[in-house]
Amino acid sequence: MRQTIDGAAFRRMIFSAAASIEIHKQQINELNVFPVPDGDTGTNMSMTIGTACADLRKLDAPTLTRAADTTASALLRGARGNSGVILSLLFRGFAKALKGKSEGSGADFAAALNAGVDAAYKAVMKPAEGTILTVSRLSGKHAAAEAEENDAVEYVMEQAISAAKAALAETVHQNPVLEKAGVIDAGGMGFVIILEGMLSSLRGQDVTAPETGAPQQAADFAALTDEEITFTFDTVFIVRKTSDLPITAFRNYLDSIGDSLVIGEDDDMFKVHVHTDIPGAALTEAQKYGTLELAKIENMRTQYEDMAAGRKTQSVDDLEAPAPAAPAVAPPEKNLGVVTVCAGEGLAAAFRDLGVDGVIEGGQTMNPSTEDILREINRTPAKVVFVLPNNKNIIMAAEQAVPLSEKQVIVIPSKTVPQGITAMLSFEPEGAVEDNTAAMTNALSTVTTMQITYAARNSDYDGYEIHKGDYLALYGSSLFGTDKNIEKLLNDLALRVAQDQKEFITIFYGQDIDEKKAKKAAAIFSKRCPEAEVNLLSGGQPVYYYLISAE
């Protein structure tokens, strides 16, 4: 039985955990598709821990402290959604508890797990039972108790997983929403899968994600060796023809001095790509067929060394005088700025018209990471930057960006796009920070948000028999109704708005609704709410057919 872990083992454990959750992410997603299609917990957790793998691959023989620190730092910046943020906080506990250690025992693992739990509970304003918090807390508590009897890290991990599974099974009874849906907590399941992936690696059974056949976004040069590079120079050039001499002989010559040969030819010119050790000879021979116009020669061995070490590779592009790079943090040109999160060109345009400096693409099922939000904050040329998340699952990721920026960052906890727009209507660019914070926050409660989407699964909720594919209407955060006729839901919502005596109604129609149907929706509200001002705008948002605000 494995007694301790070192840096190399910890790194493999993270790789295995990431592969494991990647394999099971859709299964996790399907647990939290209730009743709205926002099932992205598995995706968020997979993408979050995936950022750590990318950074860990760049480390050469890391110590346990370095591996844990690198993991925590990467997860913090790559955190997506509430589940991703909580996951990053759990691993921040590992960095704290393992600092200065060359090896970690079972007691160290339990302490690390509990330190992460403490950090996660402190970050969540209103911790709810029956979530990943409950599962991790009970897992850590049991692990600490068992470590007093047996300090082997493998044994303690086994006990942590056993307790986590038992806690996960109980989540269906602890959370009213989960109980109605008849499912266990998605984040808690992700946590269990991560621990199981780590334990598998510790036992020498590393989990690897199956090949999908899709190309990677970038090659993993660290996984290669320079022995796989037969010829040194990647050589590309263009020749303008000056004769009718066929290039067959030239092709044969290039094939004899290199490999990876590709020649594209038309009536006027030909372009060559070849790997060779004697690029000069290739260029000299080419001039027998025409005038050399452009050439690029790069040393693939030095490029490999740079990429394997995680450094920027040298390129012929570096020979040109680079344009001044935009600063990572824009200097302040004004006191106050605002960035917002939304999906859909129409919504983005609406925010920009209201004075937003930067728009981060994201929303339901496509949560931006903390690093995405931080990047837009730093680009904003203001001393103080307000952030409008416009989704309850993005607020925590935005809050994690606050201490990472040298700017003063204030997160206004908007949970919907209409709330964000209403907050912007209260924003005073020349006003005081405190006054704007209060005004924008108070504005959130003045708007009622209605949303129409579709059911992602069959269910029975609050007396509604829901069938997969039905239209769902939400009024505020509550399920308002379900029907196969979207106009019926629109009419019922309009009657509710009239009953509540709302005066201003704005309808944003999504990417799956054409203008003709949208005008019918606006007509329904105009008919049922004759005293209200009704505005219709193309939001272009995914997932939601309509986003409707009423004030």
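Keep in mind that this is a model prediction, so the values were computed, not measured.

Asker: Even after reading the chapter, I still don't get the overall build of the protein chain, so can you show me in this structure?
Answerer: Secondary structure summary: the protein chain contains 19 helices and 16 strands in total. By sequence separation, contacts in the protein chain at least 24 residues apart represent 70% of the contacts at least 6 residues apart. Taken as a whole, the protein chain presents about 26200 Å² of accessible surface, with 49% of it coming from carbon and sulfur.

Asker: Help me out: how do you make sense of the side chain of T131 in this one?
Answerer: In this structure, T131 sits in the loop between α5 (106–123) and α6 (132–147). Those residues in contact with T131 that sit more than four places away from it in its chain are T171 and D185.

Asker: How do you make sense of the pattern of salt bridges when you look at a structure like this?
Answerer: Between side chains of opposite charge, a pair can form when the charged atoms approach closely. This structure, assessed with the given rule, holds 16 salt bridges. Where salt bridges share partners, they join R80, D372 and R375 into one cluster.

Asker: Looking at this structure, how should I read the sheet that holds strand β7 (residues 382–388)?
Answerer: Whether parallel or antiparallel, the strands of a sheet pair through hydrogen bonds between backbone atoms. In space, the 4 strands of this open sheet follow the order β6-β5-β7-β8, with parallel pairing throughout. The open sheet has two edge strands with one neighbour each: β6 (358–361) and β8 (408–411). Each neighbouring strand pair of the sheet contributes to a mean axis angle of 20°, computed without reference to strand direction. Packed onto the sheet, helix α17 (residues 433–443) meets β5 (334–342), β7 and β8 and runs at close to 10° relative to β7.

Asker: Is there a simple way to think about the pairing of strand β13 (residues 478–483) in this case?
Answerer: Each regular strand displays side chains that alternate between the two surfaces of the sheet. Inspection of the sheet shows strand β12 (residues 471–475) paired to β13 by 5 bridges, in the antiparallel sense. Opposite L472, over in β13, you have T482 as the bridge partner.

Asker: Which parts of the structure should I look at to understand the packing of helix α3 (residues 64–78) against helix α4 (residues 81–97)?
Answerer: Think of two packed helices as two axes; the pair is described by the angle between the axes and how far apart they sit. Put simply, α3 and α4 touch, their axes get as near as 8 Å, and they point 160° apart. The orientation of α3 relative to α4 falls into the category roughly antiparallel. Classified by chirality, the crossing of α4 by α3 is left-handed. Contacts between α3 and α4 pair A68, D69, T71, A72, L75 and L76 from the former with L87, S88, F91, R92, F94 and A95 from the latter. Along the lines of polarity and charge, the residues of the contact of α3 with α4 split into 8 nonpolar, 2 polar and 2 charged.

Asker: Even after reading the chapter, I still don't get the environment of V85, so can you show me in this structure?
Answerer: Along the chain, V85 turns up in helix α4. Here V85 is in contact with A79, R80, M396, A397 and Q400, once residues within four sequence places are set aside.

Asker: When you look at the nonpolar core in this model, what are you seeing that I'm missing?
Answerer: The nonpolar side chains of soluble globular proteins are, as a tendency, buried together. With 82 residues, the main nonpolar core has F10, I49, F91, F109, I194, M198 and I373 as its most contacted residues. When near neighbours in sequence (up to four residues on either side) are disregarded, F109 contacts F94, V153, V156, M157, A160, L195 and M198. Membership of the second largest hydrophobic core comes to 26 residues, among which are V338, V384, I410 and L444.

Asker: Would you mind showing me how to read helix α1 (residues 7–29) here?
Answerer: The α-helix advances 3.6 residues per turn, and as a result positions three or four apart in sequence lie on the same side. With 23 residues, α1 extends 31 Å between its outermost C-alpha atoms, agreeing within 8% with the 33 Å of an ideal straight helix rising 1.5 Å per residue. By the largest-angle criterion, I23 marks the main kink of α1, which is about 50°.

Asker: Honestly, the packing of aromatic side chains in this entry has me stumped. Any pointers?
Answerer: Remark: the centre distance and the inter-plane angle together describe each pair of aromatic rings, the angle taken between the planes. Under the definition given, this model contains 10 aromatic pairs. Between F10 and F94 the ring centres are 6.1 Å apart and the planes differ by 45°, which places this aromatic pair in the tilted class. Taken together, the residues F10 in helix α1 and F94 in helix α4 connect sequence positions 84 residues apart. Under the relative-accessibility criterion, F94 is labelled buried at 4%. Taking the centre distance of 6.0 Å and the plane angle of 70° together, the rings of F386 and F427 count as edge-to-face.

About the cut-offs
Residues numbered from 1 in each chain as written. Predicted model: local features only at pLDDT ≥ 70, side-chain atom pairs only at ≥ 80, totals over all residues. Heavy atoms only, no water. Helix = DSSP H or I, 4+ residues; strand = E, 2+ residues; numbered from the N terminus. Contact = heavy atoms within 4.5 Å. Areas by Shrake-Rupley, 256 points an atom, 1.4 Å probe, with all protein chains shown as cover. Salt bridge = Lys/Arg side-chain N within 4 Å of Asp/Glu carboxyl O. Pairing = 2+ DSSP bridges. Axes fitted to C-alpha atoms, helices over the stretch in contact; angles between N-to-C directions. Parallel < 35°, antiparallel > 145°, perpendicular 65-115°, else oblique. Left-handed = near helix turned anticlockwise from the far one by under 90°. Nonpolar A, V, L, I, M, F, W, Y, C, P; charged D, E, K, R; others polar. Core = buried A, V, L, I, M, F, W, Y, C linked by side-chain atoms within 4.5 Å. Buried < 20%, exposed > 50% of the residue type's maximum accessible area, 1.4 Å probe, protein only. Expected span 1.5 Å × (residues − 1). Bend = angle between axes of the 7 residues up to and from the residue. Phe/Tyr/Trp six-rings, centres within 6.5 Å; stacked < 30°, edge-to-face > 60°.

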